[in-house]
Structures are given as C-alpha cells and as structure tokens.
Amino acid sequence: MAKRDYYDVLGVSRDADEKALKSAFRKLAMQLHPDKNPGDDTAETRFKEANEAYEVLKDPQKKAAYDRFGHAAFENGMGGRGGADAGFGASMADIFDDIFGEFMGGGRRSRPNGRERGADLRYNLDVTLEEAFVGKTVEIRVPTSITCVKCSGTGAKPGTSPQTCRTCGGSGKVRASQGFFTIERTCPTCQGRGETIASPCEACSGSGRTTQERTLSVNIPAGIEDGTRIRLSGEGEAGLRGGPAGDLYIFISLRPHAFFQRDGADLHCRVPISMTTAALGGEFEVPTIDGSKTKVRVPEGTQTGKQFRLKSKGMPVLRARDVGDMYINVTIETPQRLTRRQRELLEEFERESSGDNNPESAGFFARVRDFFDNLGS
C-alpha cells in the first residue's frame, strides 16, 4: 500500500510552519493515542503514521528532502525510514512535555542549573480603625530565608562551583524506554536540579540560603479595609541556589473599635439617650473618627431607632477622593433604681397621659382588642 503524503497525514498545507506542524501533531497524538483507543489497530497505525510524518517535517533538512523527492528521499539508504522508530521516543516526549507539563508540576519545576523560585510568605498585620482612617507606614520584622552571603546562593563552598550532573546532563530528568513508550523521571542523582555539589558551603549546607529576620516598611493606605492583601514583590523566601525570591503577602485585619462599627466607607455609632431627652428634646456630643467632636440635636419626641446622618464623617474610600458618612443610631434608655419621689412623679405622669402622648402603643393595643372581639363574635 502506497504511503500517504505526510502533509495530508497531519492535515496541514505544504507551507505550514513549525508551530502549525506541532499543533497538528499534538491534536492527532491526543486523539489517536493507544491508551485512548485500546485494541484499535487502525488508531495505532494512524498514530504511528502521524509520528513518522511529524518526525520528518519538523526537521528542516528532512523536510527539504521530502519536499523535493517525496518518500523516495528516505529509501535506498537515503535517511532510513524517516525516523519512524529512531526518533519516536524523542518526539513523543517533547509533545507530552508540552501537553502535560503544567499538570505535572510544571509551574514549580526547577530552573536550569538547579535554581528554584522561593516560596511566598504570609504576614498577618493588625491595624486600628484610626490607622486605617489616616494611613501610615509600619515596620514589620519577618523571619525568612535569604540568599547565603558566603556562597552568593550557589550552595558550593567558596572557591568551588556546582558541577553539571553526569547522570542527566544538566536537564534534571532521565528518560527510559519501555517498549512503545518513553518514560521520563526526575534524576535520582541531582533530584531534578541538574547540578551536583561536591563541596557544600558550610554556612548554608549547600542550600544557598540562610535564615535571618528582616525589617521591612509597609505602607498602609488610607481607607484600607479588613481582609485587604498587600503584595511585596521579591520579599518572600529566597530562591534555591540563586533562584528568584518569592513574594510577601501582608493580610490586613482591623481591630474592633470601642465606638464605631464599619460598613464599607460608612461608620455606625450606637448612642443611648435618656427618656426625658427623647421626650423633651436636647442634644449630645459624640466623637468622630478624625479625633474631633460634633453635637447632635435631638428633636422632641425622638423614638428608639432614630438615625442621624453626619455627612462625610466616615472613612475615606481606598485610592479615591470619596468619603463615607457617619450614622448615629439612637436607643432610649429606661430609667432604673428609681427613688420614691421619682416613682411618684412617673405615676403622676402616667395618670395624666393619654393616647395622644403614646400614639404607637395606643394604636397597637386598640388593634389587639379588636382582634379578640372578632374572635368572640
């Protein structure tokens, strides 16, 4: 049976570039792989056919020969079978690296020469409401790993240097063929770093890092809210053997305040007032978050739950010019531990009172009476 044209096998045009070839082969490899088609001889044959086509077309010299002579370029000793078997393991390993690399720890793989990115760190910082109002710069002390000064992060004793791993040739990985497949594993000699150290640095024991407490300045912007995360790039744990440092994340927690409860940019304050102040009217003084005081006028006949709004007396909005409001929520306090004279006065007041003085309670109990009258009828 005549061989199919390699371009037809991959489903690409003859002017397809390397990226298009790789994408086409990747799609076919995932579709026709024997693991996805157990017992399907047709799929296995097409899988091998696609690999053979890709192995030829991805190589500029082989591609040029194929474009000129076709399949005849690889017959009669002119290049063998186009790499259908000899290059199969390498091409498939490259494709599987590309497809599955990110799912197999690709985001945390060692960099060349054993360099690894340092871990990110978390620091919890408590802030008062007043500090969140004005903003401030605070200094924090963070115990973390830093690049070893003695070996400059190489992990090798001064005067020496790490050597390329002889087992993996510096790739950090070793490959072994098992029948139809090529399996890739972390190098057991260098543990994936690609380097070995014959004489480790005495200060860091070959890790390239030492532990030290650092003092950092953190800017707390005005209006910051509870749960806000501040990122300090490169201030995390030092990388392994000279790799880049991780980041430091500052998590902000606002301490409870004695007077105010925060709701976004608004502040709420609960103020109890006496029964006589609520009935006759008056005023009281309350603190504000900026450290000043303001007077609130209570109109005659104020009820529990009355809310007074103080415009622009709340918190600043983070990274904006807007300012929230402050809300005063009034509760009426019932007098306790009355003297005999106070009790007499209240009893006299009660006798002189009418529904006009207590319209809400009078209306409620009138509805209660109507309810029971309707039940009896």
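Residues numbered from 1 in each chain as written. Predicted model: local features only at pLDDT ≥ 70, side-chain atom pairs only at ≥ 80, totals over all residues. Heavy atoms only, no water.

To continue, consider the overall build of the protein. Helices and strands together make up the secondary structure of the protein, namely 9 helices and 15 strands. Evaluated residue by residue, the protein yields a buried proportion of 33% over its 377 residues. Of all intrachain contacts in the protein linking residues separated by at least 6 positions in sequence, the fraction that spans at least 24 positions is 63%. (Helix = DSSP H or I, 4+ residues; strand = E, 2+ residues; numbered from the N terminus. Buried < 20%, exposed > 50% of the residue type's maximum accessible area, 1.4 Å probe, protein only. Contact = heavy atoms within 4.5 Å.)

Right, let's talk about the sheet that holds strand E9 (residues 248-254) for a bit. By way of backbone hydrogen bonds, the strands of a sheet pair with one another, either parallel or antiparallel. Strand order in this open sheet of 3 strands is E1-E9-E8, and the pairing throughout is mixed. In this open sheet, the two strands that pair with only one neighbour each are strand E1 (121-127) and strand E8 (229-232). Shown here is a sheet whose adjacent strand axes are inclined to one another by a mean of 25°, direction ignored. (Pairing = 2+ DSSP bridges. Axes fitted to C-alpha atoms, helices over the stretch in contact; angles between N-to-C directions.)

This paragraph deals with the environment of Gly236. On the secondary structure map, Gly236 appears in the loop between E8 and E9. Spatially, the C-alpha atoms of Gly236 and Arg117 are 9.9 Å apart, while their sequence positions differ by 119 residues. Those residues in contact with Gly236 that lie beyond four places of it in its chain are Ala119, Leu121, Thr144, Ser145, Arg214, Ala245, Gly246, Asp247 and Leu248.

Before going further, it helps to examine the pattern of salt bridges. This model, assessed by the stated rule, comprises 17 salt bridges. Notably, a salt bridge pairs Arg14 with Asp67, separated by 3.7 Å at the nearest N-O pair. In this pair, Arg14 sits in the loop between helix H1 (6-10) and helix H2 (18-32) while Asp67 sits in helix H4 (residues 60-69), placing the two residues 53 residues apart along the sequence. The exposure class of Arg14 is partly exposed, given its relative accessible area of 45%. (Salt bridge = Lys/Arg side-chain N within 4 Å of Asp/Glu carboxyl O.)

Taken N-terminus to C-terminus, the directions of H2 and helix H3 (residues 41-57) make an angle of 160°; their axes are 10 Å apart at the nearest point. When the axis of H2 is compared with that of H3, the two are roughly antiparallel. Note that H2 runs across H3; the crossing there is left-handed. Between H2 and H3, the residues in contact are Leu21, Lys22, Phe25, Leu28, Ala29 and Leu32 and Ala43, Arg46, Phe47, Ala50, Asn51, Tyr54 and Leu57, respectively. (Parallel < 35°, antiparallel > 145°, perpendicular 65-115°, else oblique. Left-handed = near helix turned anticlockwise from the far one by under 90°.)

On to the pairing of strand E14 (residues 307-310). Of the two faces of E14, only the one carrying Phe308 and Leu310 is buried; Gln307 and Arg309 on the other face are not. Two elements, E14 and strand E15 (residues 326-333), share 4 bridges in a ladder whose sense is antiparallel. Bridge pairing in E15 links Arg309 to Tyr327.

As for its placement among the helices and strands, Thr302 is situated in the loop between strand E13 (293-298) and E14. Judged by its relative accessible area of 7%, Thr302 falls in the buried class. Engagement of the side chain of Thr302 in a polar contact is seen with the backbone oxygen of Pro299, the distance being 2.7 Å. When sequence neighbours within four positions are dropped, the list of residues in contact with Thr302 reads Ala278, Val330 and Ile332. (Polar contact = N/O pair within 3.5 Å; in protein donor to acceptor, adjacent residues only side chain to side chain.)

The next thing to look at is the packing of H3 against H4. Across the interface, H3 lies against H4 with an axial gap of 6 Å and an inter-helix angle of 105°. Looking at the two axes, H3 sits roughly perpendicular to H4. Counting all contacts with H3, which are made through Glu55, Val56 and Leu57, the residues of H4 involved are Lys62, Lys63 and Tyr66. Looking at the contact of H3 with H4, its residues break down into 3 nonpolar, no polar and 3 charged. (Nonpolar A, V, L, I, M, F, W, Y, C, P; charged D, E, K, R; others polar.)

Here we come to the packing of aromatic side chains. With the rule as written, the count across this model stands at 4 aromatic pairs. A ring pair is formed by Tyr6 and Tyr66, whose centres lie 4.6 Å apart and whose planes are at 25°; its orientation type is stacked. Remark: Tyr66 occurs in helix H4 and Tyr6 occurs in helix H1; sequence separation between them is 60 residues. With relative accessibility at 2%, the residue Tyr66 sits in the buried group. Between Tyr7 and Tyr66, the ring centres sit 6.2 Å apart and the planes meet at 45°, which makes this aromatic pair tilted. Taken as a pair, Tyr7 in helix H1 and Tyr66 in helix H4 lie far apart in primary sequence, 59 residues in all. With respect to burial, Tyr7 and Tyr66 carry one shared label: buried. (Phe/Tyr/Trp six-rings, centres within 6.5 Å; stacked < 30°, edge-to-face > 60°.)

Here we come to the sheet that holds E14. The 4 strands are arranged E10-E11-E15-E14 in an open sheet whose pairing can be described as mixed. Looking at the sheet topology across the chains shown, the edges are occupied by strand E10 (260-263) and E14. Going across the sheet, the axis of each strand differs from the next one's by a mean of 30°, ignoring polarity. Pairing between E10 and strand E11 (residues 266-274): 4 bridges, direction antiparallel. Bridging from a neighbouring strand, Asp263 pairs with Asp266 of E11.

With 86% of its residues at a pLDDT of 70 or more, the protein has an overall mean of 82. Segment residues 98-112 is flagged for pLDDT under 50; beyond a separation of four residues in sequence, or across chains, it makes 16 contacts in the model. (pLDDT = per-residue confidence, 0-100.)

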